[in-house]
Amino acid sequence: MALLIDGKKISAEIKDELKEIVAKKKAEGKEITLAVIQVGNDKASSVYVGNKKKACEYIGVNSLAYELPEETTEEELLSIVKELNERSDVHGILVQLPLPKHICEDKVLLAINPDKDVDGFHPVSVGRLWIGEEGYESCTPAGVIQLLKRSGIEIAGKECVVIGRSNIVGKPMAAMLLRENGTVTVCHSRTKNLAEVTKRADILVVAIGKPKFITAEYVKEGAVVIDVGIHRNEDNKLCGDVDFDSVEPIASAITPVPGGVGPMTIAMLMCNVVKSNA
Ligand code: NAD
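Report follows, based on the coordinates.

Here is what the cut-offs are and how they apply
- Residues numbered from 1 in each chain as written.
- Predicted model: local features only at pLDDT ≥ 70, side-chain atom pairs only at ≥ 80, totals over all residues.
- Heavy atoms only, no water.
- Salt bridge = Lys/Arg side-chain N within 4 Å of Asp/Glu carboxyl O.
- Helix = DSSP H or I, 4+ residues; strand = E, 2+ residues; numbered from the N terminus.
- Buried < 20%, exposed > 50% of the residue type's maximum accessible area, 1.4 Å probe, protein only.
- Pairing = 2+ DSSP bridges.
- Contact = heavy atoms within 4.5 Å.
- Axes fitted to C-alpha atoms, helices over the stretch in contact; angles between N-to-C directions.

**Topic: the pattern of salt bridges**
Moving on, step 1. Within this structure, the stated rule accounts for 13 salt bridges.
Moving on, step 2. For Lys53, the salt bridge goes to Glu67, with nearest N and O atoms at 2.9 Å. Of this pair, Lys53 sits in helix H2 (residues 43-59) while Glu67 is found in strand S3 (residues 62-68), placing the two residues 14 residues apart along the sequence.
Moving on, step 3. As a salt-bridge pair, Asp202 and Lys220 come within 2.7 Å of each other at their nearest N and O atoms. Taken together, the residues span a long stretch of sequence, with Asp202 in the loop between helix H8 (194-198) and strand S7 (203-206) and Lys220 in the loop between S7 and strand S8 (224-227) at a distance of 18 residues.
Moving on, step 4. A relative accessible area of 31% means that Lys220 is categorised as partly exposed.
Moving on, step 5. Residues joined by salt bridges that share partners form a network here, namely Lys9, Glu13, Glu17 and Arg150.

Next comes the structure, spelled out in structure tokens:
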């Protein structure tokens, strides 16, 4: 039976560690403030923003909420970002995505001061990650690294295969596994003979965005399987990109959905927030 990697427990440990760090900073007179901007009232975004505010409260960080109407113009949003960039009492800025169609996301993300870019999406943050400089890291892949490390899974020298090359998961995931000295292969929609490549993996990270796509035929016996996917199936139940029932019997370790990678994203966001007033 595979080791079940418990993201709920590991994320709770991380948040408790951060809570202690924040309390120490407070004792030295250092407060941390995160500004969270949401434009429109996309239901899923409201849930994510609510969870981020709760996490801030838990670890003792102030959160400034900007709940802007759907009709907000790009200029208005850019001017708020500019003002927050200049405020010395605001340490992190987070713009909840997706933005309404009339606003260019890239333009807004680029406007955030890289020193306050707690989501790690700014090209400067991405560049820092690839050249091995200290900076803000994309939260979901950073969470995967913590799951592996805190479960005692060695990355150095391992064959690591990432399925997916998105800017928020696949690409930064590849960079982080490489930084940990894994031998990294990235697969995507144009990869030929996918199963042949994925069967090489000692560590397989799946971020393909297709429910239960990865079955036992794609996995080497004894591999560690990390499922980044999250979907709601016909019965309104959550499932991942990996067919858990088929893969679990042959994996040495696996993340469940829910309770695997999901809870790690906010925990890693909080790590970035705490870093923002180091
Ligand atoms: P995406 O749709 O942007 O990227 C999917 C990637 O899969 C693409 O790069 C594509 O090339 C690749 N792909 C598609 N079909 C393929 C195929 N047949 N063979 C090989 N590669 C193929 O998705 P994303 O934003 O990277 O997210 C991936 C999954 O992770 C989604 O299910 C998403 O909901 C989930 N996600 C979860 C979290 C979290 O906090 N747990 C965060 C972000 C994304």
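Having seen the model, we can carry on.
**Thoughts on the sheet that holds S8**
Moving on, step 1. Reading across from one edge, S1-S11-S8-S7-S5-S6 is the order of the six strands in this open sheet, with parallel pairing throughout. The two strands at the open ends of the sheet, each matched to only one other strand, are strand S1 (3-4) and strand S6 (183-187).
Moving on, step 2. In this structure, strand S5 (residues 159-163) lies alongside S7, joined through four bridges in parallel fashion. Bridged to Val162 within S7 is Val205.
Moving on, step 3. Running at roughly 170° to S5, helix H7 (residues 170-179) makes contact with S5, S6 and S7 of the sheet.

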